[in-house]
Amino acid sequence: MGSCILLNPIIASCFADEAQAVFQGLNFAFDLGCIHVTLESDSLTMISKFRSNKKDLSVLCSYISKARDSLLLFVYTFAPPPATSTDTSTMVGVFEVGAVPFNADGWGPPDFSTTAPAASTTLPLHVPFAPFSRSEKLGRIADFTRNFANANPSNRPTSGKPGSASESPFDFSLDLDAFPLANPDDDSSFRLVDVKPPTRPKFGPKWRFNQNRPQLPQRRDEEVEARKREAEKERARRDRLYNLNRSNQHQQRREAAIFKSSVDIQPEWNMLDQIPFSTFSKLSFTVPEPEDLLLCGALEYYDRSFDRITPKNERRLERFKNRNFFKVTTTDDPVIRRLANEDKATVFATDTILATLMCAPRSVYSWDIVIQRVGNKLFFDKRDGSQLDLLSVHETSQEPLPEAKDDINSAYSLSVEAAYINQNFSQQVLLSDGDKVSFDEPNPFANEGDEVASVAYRYRRWKLDSDMYLVARCEVQSVVEVNNQKSFLTLNALNEFDPKYSGVDWRQKLETQRGAVLATELKNNANKLAKWTAQSILASADLMKLGYVSRVHPRDHFNHVILGVVGYKPKDFAAQINLNTSNMWGIVKSIVDLCMKLNEGKYVLVKDPSKPQVRIYEVPADAFENDYVEEPLPEEEQKKGSRHKLDAYLRRTTTLEMSSTQKDQI
């Protein structure tokens, strides 16, 4: 025989304790070489699990898996557990309960003064039923038979206060019969429910560092209040920063701004179709290389010293009041009328109109283009005083501009200022030595003796279809000689009016962070930059120069300075601003195909002022003509074909006379 003691420090439960005892006992018997084992019946559950082939899923599975293979060699005999003795005489320290007398007259112990003391009682005589310690709060549970009338002399509701009528059954502070020697003030600290206000911590809640720790209710309330205060501070900070970027605090945000249509839609106009911009993004069309039909005008050479301008050595922007700038529409161009008579093409337009169509999905402001169908010819025109002659500023920006037209930072005032800056910049960056490059014909819009701005017109033709050609008048502003070859340039200027609107100060960022300045301009003037790039691609310019012009003071819109000039290749810049040439021509081709299906007449293509879509309206023949009254054609011309209709239409056009708004500076 033998015995052993094994210590098991970690036991999961009482069942695991018994299983471990059985397992270690059998291992001990196996080490002694025993085969027959007698066990108490309490171990029958473990032995049954050892013999079972089923997988055990209880907490004893680990013990059973270890004992199933090695302990099946035993022959088990089960014996009942020893009987538990019920003899209480052998128990040590038995608690004896004394006799409790019965009170038939009421609650509590009987009054021994009126009844004879029983001989069998074990309670001492003349001892009151009261606790020996006042801190234990032992005594009567409740007495609903008594009510202190003077507990609340004012008859006011005093719920929750000791001594009120609602708590009088539970209040024994005035019961001097039970506690004759007690002081009633000792029960002043007794409350049924703790109604004391929670004590505030001396320091604020540190929820930033104890977010995962359990918090007391008062700490959670303080955290909620603190978060509300932080949210209010953040909201006030955002509103303060927003108001700093606004000249008018009562002006609404850009999303709520209502833009006006560029042309008043008359009730007699008939809307034929509306095209959403989402359909333009899927269009694609490839055109072959264009051919030059005619070059007119003269160009001056570019001054390369402007490439070295920085904000530290800025130059004042000069004014060229004596030079004439022409913004002539398609049908008023004598060269286009001559080419139309010669049947050189089917569709006629200018680079400004084509660029507006090509970059239509990027536009936000409203614009309109007049379309005239004469015979098999299609003319894209612009109205006199159209917005196409001006340059938009902050068109695609999220920050609103003042709506007052007389404000120097309103959309209209900035457009006029940008056009003025662009014209003067294109003439200041040229060499003033008088050397020019002349072309086949002089400027077709200038009279003899007029001082004309440096500009050349390239009349180019693209093939849109097997029997459809497009002729457009394209402009270049300068020429530069590179490797003994002349290269054409387009000159445009970006203008800064107030750094608070853009958030980038050119004088500080232009020299060190020119890419950030350009990215900001691409965000705020995406449509304008895309149109300049499209015009440079249409004119096949070798280089496009972008100037950075800023006001001398943010409140002075008359005086400006040049802070820098940067050159880009048009196709590379188009790829940089995500301008797809195939998509541009796809938009033009779709609009041309749509207009060629229309009947002869006059139409207007209007960009919706509030939605990204364009609409086509059929308008009367005398629309947009103030002083012109249409006269009926002679009978012999009415009987002739479409070719004679075109001749009559061009003959009805008055002799080209430039208006003051077209001839002078904007």
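Residues numbered from 1 in each chain as written. Predicted model: local features only at pLDDT ≥ 70, side-chain atom pairs only at ≥ 80, totals over all residues. Heavy atoms only, no water.

Working note: regular strand, side chains alternate between the two faces of the sheet. Counting buried residues in strand β10 (residues 455-465) gives nine out of 11 residues, a clear majority hidden from the surface. As defined by bridge partners, strand β4 (residues 291-300) adjoins β10 across seven bridges and the pair is classed as antiparallel. Across the sheet, the residue bridging to Asp-292 is Arg-460, located in β10. Of the strand pairs in this sheet, β10 and strand β11 (residues 468-476) are connected by nine bridges, and their pairing is antiparallel. Counted as the bridge partner of Tyr-459 is Arg-473 from β11. Counting the residues between successive antiparallel strands, the hairpin from β10 to β11 contains two residues. (Buried < 20%, exposed > 50% of the residue type's maximum accessible area, 1.4 Å probe, protein only. Helix = DSSP H or I, 4+ residues; strand = E, 2+ residues; numbered from the N terminus. Pairing = 2+ DSSP bridges.)

It is worth spelling out the pattern of salt bridges at this point. Counting across every chain of the model gives 16 salt bridges. Of the charged contacts, one joins Glu-291 and Arg-461 as a salt bridge, the two residues approaching to 2.4 Å between their closest N and O atoms. Taken together, the residues span a long stretch of sequence, with Glu-291 in strand β4 and Arg-461 in strand β10 at a distance of 170 residues. The exposure class of Glu-291 is partly exposed, given its relative accessible area of 36%. Since its relative accessible area comes to 18%, Arg-461 is described here as buried. A salt bridge links Glu-314 to Arg-507; the nearest nitrogen and oxygen atoms lie 4.0 Å apart. Taken as a pair, Glu-314 in the loop between β4 and β5 (315-316) and Arg-507 in helix α9 (residues 506-509) lie far apart in primary sequence, 193 residues in all. With a relative accessible area of 34%, Arg-507 lands in the partly exposed category. It is possible to trace a salt-bridge network through shared partners that takes in Asp-292, Arg-458 and Arg-460. (Salt bridge = Lys/Arg side-chain N within 4 Å of Asp/Glu carboxyl O.)

Here we come to the packing of helix α6 (residues 351-358) against helix α11 (residues 526-538). Contact pair α6 / α11: the axes reach a minimum separation of 9 Å and the direction vectors enclose 125°. Relative to α11, the element α6 lies oblique. Relative to α11, α6 is oriented so that their crossing is right-handed. Residues Asp-351, Thr-352, Leu-354, Ala-355, Thr-356 and Met-358 of α6 touch α11, and the partners they reach there are Lys-531, Ala-534, Gln-535 and Leu-538. Broken down by class, the residue content of the contact of α6 with α11 amounts to five nonpolar, three polar and two charged. (Axes fitted to C-alpha atoms, helices over the stretch in contact; angles between N-to-C directions. Parallel < 35°, antiparallel > 145°, perpendicular 65-115°, else oblique. Left-handed = near helix turned anticlockwise from the far one by under 90°. Contact = heavy atoms within 4.5 Å. Nonpolar A, V, L, I, M, F, W, Y, C, P; charged D, E, K, R; others polar.)

A few words on the environment of Val-566. Note that Val-566 resides in strand β15 (residues 556-568). For the pair Val-566 and Asp-307, spaced 259 residues apart in the sequence, the C-alpha separation amounts to 6.7 Å.

Below, the discussion takes up the sheet that holds β5. Reading across the sheet, the five strands line up as β5-β15-β14-β13-β12 and stay open at both edges, with mixed pairing between neighbours. Two strands lie at the open edges of the sheet, namely β5 and β12 (478-482), each paired on one side alone. Pairing between strand β14 (residues 543-553) and β15: nine bridges, direction antiparallel. Looking across to β15, one finds that Leu-546 is bridged to Val-566. Contacts from helix α7 (residues 411-428) reach β5, β13 (485-496), β14 and β15, with the element oriented near 145° to β13.

On to the packing of aromatic side chains, then. Following the criterion strictly, the structure yields 11 aromatic pairs and no others. Between Phe-326 and Phe-445 the ring centres are 6.1 Å apart and the planes differ by 50°, which places this aromatic pair in the tilted class. Of this pair, Phe-326 sits in the loop between β5 and α5 (334-341) while Phe-445 sits in the loop between β9 (436-438) and β10, and the two are 119 residues apart along the sequence. For the residue pair Phe-326 and Phe-445, the accessibility class agrees, reading buried in each case. Arranged with centres 5.3 Å apart and planes meeting at 80°, the rings of Phe-445 and Tyr-457 form a pair that is edge-to-face. Taken together, the positions of Phe-445 in the loop between β9 and β10 and Tyr-457 in strand β10 put the pair 12 residues apart, joining distant regions of the chain. The exposure class assigned to Phe-445 is buried, which follows from its relative accessible area of 6%. (Phe/Tyr/Trp six-rings, centres within 6.5 Å; stacked < 30°, edge-to-face > 60°.)

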